[in-house]
Amino acid sequence: MDAVVIESLEPLIAELRSRGFAVVGPVVRDGAIRFEEIASAGRLARGVTDDQEPGRYRLRETGDEMIFSFAASPDSAKRYTQPPRQALFRMRGERIEEAEEEAPRIALLGVRACDLAAIGVQDRVFLGGRHPDPAYRLRREALLLVAVNCAVPGGTCFCVSMGTGPKVTAGHDIALTELAAPHRFLVEIGSERGEEIVRALPRAPASARDLADAEEVSRRAAGRMGRHVETEGIQERLSAHDSPRWQQVGARCLTCANCTMVCPTCFCTTVEDSTSLADGTAERVERWDSCFTLGFSEVNGTPVRGSNPGRYRQWLTHKFSTWIDQFGMSGCVGCGRCITWCPVGIDVTEELANLP
Ligand code: SF4
Ligand code: SF4
């Protein structure tokens, strides 16, 4: 099916909901763009953009009618592919209740190219090895992805360097490009189920001008990256284990783990058990963890990476080097979240540029 144009997102949201999907999209909440379930397009963020710099994130009103004029938000698709906390099983007395084997049907609206690439990285991690994760598979199969081509990259974005954006090219069911004057959306199809949904919408064939305007959105976005990473020879540079740069960045790093929590590809978890004195039940839960926590590398009561420089080096070298050895792809998609949400403004692109 060729590209079409729709005038409003309302029929798309209604169609997705009528097919049993919970529609999750970007809204303004707590001073940030967050993903949340929506019932109509009126709830979507509109007329706002974001200013992102190392350790800084602010929303700013634009006064226009555009819906997707912002870059990566603190939430990513990871929240839905790999929830922050999930029960593995519960015990009542001696009876064990396995975790639910169904995943909610979610249509994620507004996913960017870098986040589609991140989902691709997660697919490789969770499904690509000899021991695929069945719970992850269920969640992925239940997820429908309505992507949006980025128009306004953030000051910390570098998807062009990582070859993941800003234009959506793979991994989506439907891709939108928001166009102005008049306000409308170019719709491109990425899968059979995406096509089925778009065929049910009021639409018009895309004109030559619509296609040219959409190309221009992606061309301009590619030219407005806030950051750059030189990927040529990156693995060799990261093998400099004795560089003084590790001590310098380690002295700044708070090991707070913010960077790994917001990263759409970081997948480390831990397992916790809890018991309830009230009703005699016990629960085993998997929750996000981080290579920045002391306990994460604990062996026989002692952390293997006890120092801040050691933990920062582990994270950076895994993301940009040993991930490639392990999974055949980079662990970074250039979304810039770890830079924006680092409380002391540590910038991976600056650290990479200053390694020997
Ligand atoms: S790099 Fe920044 S966000 Fe990451 S652990 Fe260190 S201080 Fe926290
Ligand atoms: S390492 Fe930073 S820039 Fe790369 S994917 Fe993770 S959060 Fe995004």
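Residues numbered from 1 in each chain as written. Chains lettered and ligands numbered in written order. Predicted model: local features only at pLDDT ≥ 70, side-chain atom pairs only at ≥ 80, totals over all residues. Heavy atoms only, no water.

- An unreviewed UniProt entry lists the protein under the name Sulfite reductase subunit A, with Microbispora cellulosiformans as the source organism.

Details of the overall build of the protein
And step 1. When its secondary structure is counted, the protein shows 13 helices and 16 strands.
And step 2. Its C-alpha atoms give the protein a radius of gyration of 21 Å, near enough to 21 Å, the size a compact globule of 356 residues would have.
And step 3. Taking the principal axes of its C-alpha atoms as reference, the protein extends roughly 65 × 60 × 40 Å.
And step 4. Each of the 356 residues in the protein was classed as buried or not, and the buried ones make up 51%.
And step 5. Taking the contacts inside the protein whose residues are at least 6 apart along the sequence as the reference set, 70% of them involve residues at least 24 apart.
And step 6. Total accessible area on the protein is roughly 16600 Å²; 49% of this is exposed by carbon and sulfur atoms.
And step 7. Side chains of the protein give 42 positive and 49 negative charges; the mean places of these two sets differ by 2 Å. (Helix = DSSP H or I, 4+ residues; strand = E, 2+ residues; numbered from the N terminus. Rg over C-alpha atoms; globule rule 2.2 N^0.38 Å. Buried < 20%, exposed > 50% of the residue type's maximum accessible area, 1.4 Å probe, protein only. Contact = heavy atoms within 4.5 Å. Areas by Shrake-Rupley, 256 points an atom, 1.4 Å probe, with all protein chains shown as cover. Lys, Arg positive; Asp, Glu negative; His and termini not counted. Charge placed at Lys NZ, Arg CZ, Asp CG, Glu CD.)

Some words on the site of ligand 1
And step 1. Among the 13 residues in the neighbourhood of ligand 1, the closest are listed as Cys 253, Leu 254, Cys 256, Cys 259 and Cys 342.
And step 2. In the shell around ligand 1, the residues fall into eleven nonpolar, two polar and no charged. (Near = heavy atom within 4 Å. Nonpolar A, V, L, I, M, F, W, Y, C, P; charged D, E, K, R; others polar.)

Things to note about the domain arrangement of the protein
And step 1. Split by domain assignment, the protein resolves into domain 1 (4–222) and domain 2 (234–353).
And step 2. Using only C-alpha atoms to locate each centre, domain 1 and domain 2 end up separated by 25 Å.
And step 3. In total, about 3400 Å² of surface goes out of reach between domain 1 and domain 2, with carbon and sulfur atoms giving 60% of it.
And step 4. Taken as a group, Lys 78, Val 121 and Phe 158 account for 18% of the area that domain 1 buries against domain 2, more than any other trio of residues on that side.
And step 5. For the pair domain 1 and domain 2, the interface holds three salt bridges. (Domains from an automatic or database assignment. Buried area = accessible area lost by both parts, 1.4 Å probe. Salt bridge = Lys/Arg side-chain N within 4 Å of Asp/Glu carboxyl O.)

Regarding the pattern of salt bridges
And step 1. Inspection of the entire model under this criterion finds 30 salt bridges.
And step 2. A salt bridge links Arg 209 to Asp 213; its shortest N-O distance comes to 3.3 Å. Separated by four residues within a single helix, Arg 209 and Asp 213 lie in helix α7 (residues 208–222), roughly one turn from each other.
And step 3. Judged by relative accessible area, which is 47%, Arg 209 ranks as partly exposed.

Focus on the sheet that holds strand β13 (residues 269–275)
Through backbone hydrogen bonds, the strands of a sheet pair up, either in parallel or in antiparallel fashion.
And step 1. The strand order across the open sheet built from four strands is β7-β6-β14-β13, with neighbouring strands paired in antiparallel fashion. Here the strands that pair on one side only, and so sit at the sheet edges, are β7 (95–98) and β13. Direction aside, neighbouring strands of the sheet carry axes that sit 20° apart on average.
And step 2. Examined bridge by bridge, strand β6 (residues 85–92) and β7 share four bridges and lie antiparallel to one another. Of the residues in β7, the one forming a bridge with Met 91 is Ile 96. (Pairing = 2+ DSSP bridges. Axes fitted to C-alpha atoms, helices over the stretch in contact; angles between N-to-C directions.)

Comments concerning helix α6 (residues 192–199)
And step 1. Buried within α6 we find Gly 194, Ile 197 and Val 198. Buried residues along α6 cover an arc of 95° about the axis, so they all sit on one side.
And step 2. For α6, the secondary structure elements touched by its buried residues are β1 (4–6), α1 (10–18), β9 (143–148), β10 (174–179) and β11 (184–189). (Arc of directions from axis to C-beta.)

Some points on the nonpolar core
And step 1. Residues Leu 9, Leu 12, Leu 16 and Leu 176 are the most contacted members of the largest nonpolar core, which totals 32 residues.
And step 2. Once you skip the residues sitting within four places of it in the chain, Leu 12 turns out to touch Val 146, Ile 174, Leu 176, Ile 197 and Leu 201.
And step 3. Tyr 80, Ile 106, Val 111 and Cys 159 belong to the second-largest nonpolar core, a separate cluster that totals 31 residues. (Core = buried A, V, L, I, M, F, W, Y, C linked by side-chain atoms within 4.5 Å.)

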